[in-house]
Amino acid sequence: LAKRAPAARAARLTLRTRRLVEATLSSVLVLSRVPQPFSWVCALALGAAVAGTQTDRLRSASLALIACALAFVFSCAWVRFALPFIYRTNGARHAASRTGAGATDVSAARGGVSALPHLPDDVALLILARLRLDDVKAFGRCSRRTRALSLAPSLWRRIVVPDQAASVSAAVGAIPRCFEGPCTVAIRAGVYVEGQRSRLHRLLGMDCGLRTGIRITRPVVLEPFTDGDEVVIESDAGEAIAILPGAEAAVVRGLTVRTISFASHALAVYADGVLVERCVLRASGRNSCGVVVTGSGVRAHISRCAISGCGGGGVLLAYGVGPVCVSDTLITENGWSGIGAFSGASVVISRCDIRANKMFAIGVARDVSVSLREQPPMDGNELGGLHRYLAPPLHPQVSMQSR
């Protein structure tokens, strides 16, 4: 026993040293992932070092200040993150060493973690289909086989919110980049707040917040879980829903989108071939539009929607957009024109009701191609029906087509 005591003490010292190194490294990693305290400590250390280069007194004071700050941060990180990690790891190792090889067989028989590698692919996919998306992605980081299972197309063809993701933006952002098939995000009835303003903006009382609430970068379909469900999306962001390049042929169907902030648009389209149908859009903030289409040659189809109460225009087309088809849509009580278009755009209007807007029903630049099919009602607009900026009263470019 006397001979074994030094060896045991050396082993315990080695174990404690290893634990200390693991805790220190984990604390550094945790601090680097949380930007606020990490940047605060770096700024404090840099400022103290610069001040300490002036005189000996300031140098010693700066070194003491740096030591105190680092000790405080590392102690907090140790208590919060490192100790629980060490206890969990050592507890699992001790349990495995006590039970020996029989623990693997028991856990496999009971369906434990060690049984996962032995499950057939179809059984594992059935289990993954009932997990949340963050759990599926965590499962995919275990090995090559689990990664292949987590990227199976059957898991990503249909995502239910909030069953599999907490928000619509989280569901859209969780779709793997390598997934090429169509994905449907089915949203259960309820009110979803996407893209809230930051704490700094709320503290300062600023109206502008995040740029985008829901960023769509791939062809997806946003729709209610079942027909008739009322899905309301509210946002303080600059764009409640932004369909970006790469999301060609995306579909937004059956949603109610509301924004209240300054220049906060309900729907912004930057991709080609987007379909918006059966939606209720309201952007009540000043200079806010219901639908904004941007991009040279970008085409879109707006069908059977209701766009009202916007602080800006109902539908606004940027330079060179089109053709954009607006059909069977109610556009009323907007702060600007019901439909506005800048130079080079093209719009086709069919069976729309454009009433009671504070400017024109249709206000476009003089070189915009406007095709009116089945002359829409344009009563009650304060400044008139169709108007071309910088153009004479007659509009020969407008083609009147009736079915």
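What you are looking at is a predicted structure, and each value in this text was computed from that prediction instead of being measured.

A few words on the overall build of the protein chain. Along the backbone of the protein chain there are 9 helices and 25 strands. Taken over 403 residues, the protein chain has a buried fraction of 39%. Residue pairs at least 24 apart in sequence account for 67% of intrachain contacts in the protein chain once pairs closer than 6 positions are excluded. Of the roughly 22,000 Å² of accessible surface on the protein chain, a fraction of 61% belongs to carbon and sulfur atoms.

Sheet strands associate in pairs through backbone hydrogen bonding, adopting either a parallel or an antiparallel arrangement. Reading across the sheet, the 8 strands line up as 4-7-10-13-16-19-22-24 and stay open at both edges, with parallel pairing between neighbours. The open sheet is flanked by strand 4 (212-216) and strand 24 (384-389), the only strands paired with a single partner. Neighbour to neighbour, the strand axes of the sheet diverge by 15° on average, direction disregarded. Looking at chain direction, strand 10 (residues 265-269) and strand 13 (residues 291-293) are connected through 3 bridges and run parallel. Counterpart to Ala268 in the pairing with strand 13 is Val292.

For the structure shown, the criterion picks out 2 aromatic pairs. Look at Tyr319 and Phe342: their rings are 5.0 Å apart centre to centre, the planes differ by 35°, and that puts the pair in the tilted class. You can see Tyr319 sitting in the loop between strand 16 (315-317) and strand 17 (324-327) and its partner Phe342 sitting in the loop between strand 19 (339-341) and strand 20 (346-350), a full 23 residues away along the chain. When its relative accessible area of 55% is taken as the criterion, Tyr319 is described as exposed. Measuring from centroid to centroid gives 6.2 Å for Phe360 and Tyr389, while their planes differ by 80°, and the two rings are edge-to-face. One end of the pair, Phe360, is in strand 22 (residues 360-365); the other, Tyr389, is in strand 24, and 29 residues separate them in sequence. Overall, Phe360 belongs to the buried group, its relative accessible area being 11%. The exposure class of Tyr389 is partly exposed, given its relative accessible area of 33%.

Taken as a whole, this structure holds 10 salt bridges when the rule is applied. One salt bridge in this structure joins Arg351 and Asp328, with 2.9 Å as the shortest N-O distance. Of the two residues, Arg351 is situated in the loop between strand 20 and strand 21 (353-355) and Asp328 in the loop between strand 17 and strand 18 (330-332); the sequence distance between them amounts to 23 residues. By relative accessible area, which is 32% here, Asp328 ends up partly exposed. A salt bridge links Arg355 to Asp379; the nearest nitrogen and oxygen atoms lie 3.5 Å apart. With Arg355 in strand 21 and Asp379 in the loop between strand 23 (369-373) and strand 24, this pair connects stretches of sequence that are 24 residues apart. For Arg355, a relative accessible area of 31% translates into the label partly exposed. By sharing partners, the salt bridges in this structure join Glu223, Arg253, Glu277 and Arg304 into a single network.

By the secondary structure assignment, Cys310 is in the loop between strand 15 (306-308) and strand 16. Other than its neighbours up to four places away in sequence, Cys310 contacts Leu281, Arg282, Ala283, Ser288, Cys289, Gly290, Glu333, Asn334 and Gly335.

The next subject is the nonpolar core. Grouped together as the largest cluster of nonpolar side chains are 75 residues, with contacts concentrated most on Ile216, Ile241, Ile243, Leu255 and Leu317. Considering each element in turn, this core owes the most residues, 4 residues, to strand 22. Apart from residues no more than four positions distant in its own chain, Ile243 is found in contact with Ile216, Ala250, Val252, Leu267, Ala268, Val269, Tyr270, Ala271 and Val274.

Across the sheet, which stays open at both edges, the 7 strands sit in the order 3-6-9-12-15-18-21 with parallel pairing between neighbours. Edge positions in the sheet fall to strand 3 (190-194) and strand 21, since each has one partner strand and no second. For this sheet, the mean inter-axis angle between neighbouring strands, taken without regard to orientation, is 10°. Sheet topology note: the strand 12 (residues 280-283)/strand 15 ladder contains 2 bridges and is parallel. Considered in strand 15, the bridge of Val280 is made with Ala306.

Examined against the element boundaries, Ile362 turns out to sit in strand 22. Placed 25 residues apart in sequence, Ile362 and His387 show a C-alpha to C-alpha distance of 6.2 Å. Not counting the four nearest positions on each side in its chain, Ile362 is found in contact with Ile339, Ile349, Ile354, Leu372, Met378, Gly385, Leu386 and His387.

What follows concerns the pairing of strand 14 (residues 300-303). As paired strands, strand 11 (residues 274-277) and strand 14 are joined by 4 bridges and run parallel to one another. Bridging across to strand 14, Val274 finds its partner in Ala300.

A separate point is the side chain of Glu277. Looking at the element boundaries, Glu277 is found in strand 11. With sequence-adjacent residues up to four places away left out, Glu277 is seen in contact with Val252, Arg253, Gly254, Ser303, Arg304 and Cys305.

With that out of the way, let us pick up the confidence of the model for the protein chain. In the predicted model, the protein chain carries a mean pLDDT of 78, and 65% of its residues have values of at least 70. Confidence drops under pLDDT 50 across residues 85-114; counting only partners more than four residues distant or on other chains, this segment forms 10 contacts. In this model, residues 391-403 is a region of pLDDT below 50 whose contacts with residues beyond four sequence positions or in other chains number 24 contacts.

Here is what the cut-offs are and how they apply
- Every chain is numbered on its own, with residues counted from 1 as its sequence reads.
- In keeping with the model being predicted, local features are shown solely for residues with a pLDDT of at least 70 and side-chain atom pairs are shown and tallied solely at 80 or more, while totals for entire chains, interfaces and linings include all residues.
- Calculated side-chain values reflect all of the structure's heavy atoms, with hydrogen atoms and water omitted.
- The helix and strand labels rest on DSSP assignments: H or I over at least four residues marks a helix, E over at least two residues marks a strand, and numbering proceeds from the N terminus.
- Relative accessibility thresholds used throughout: buried, under 20% of the residue-type maximum; exposed, over 50%; partly exposed, between the two (1.4 Å probe, protein chains only).
- Residues count as neighbours in contact if any of their non-hydrogen atoms are within 4.5 Å of one another.
- Method for areas: the Shrake-Rupley scheme with a 1.4 Å probe, in which residue coverage is limited to the protein chains shown.
- A pair of strands is treated as paired once DSSP finds two or more bridges between them.
- Axis angles are defined between N-to-C directions and span 0 to 180 degrees, where every axis is a line fitted to C-alpha atoms and, for a helix, only to the segment in contact.
- Pairing of aromatic rings covers Phe, Tyr and the six-membered ring of Trp, with a centre-to-centre limit of 6.5 Å; geometry is then stacked below 30 degrees between planes, edge-to-face above 60, and tilted otherwise.
- We count a salt bridge whenever a side-chain nitrogen from Lys or Arg sits within 4 Å of a carboxyl oxygen from Asp or Glu.
- Only buried Ala, Val, Leu, Ile, Met, Phe, Trp, Tyr and Cys residues count toward a nonpolar core, and they belong to the same one when joined by side-chain atoms within 4.5 Å.
- The pLDDT value tells you how sure the predictor is about a given residue, anywhere from 0 up to 100.

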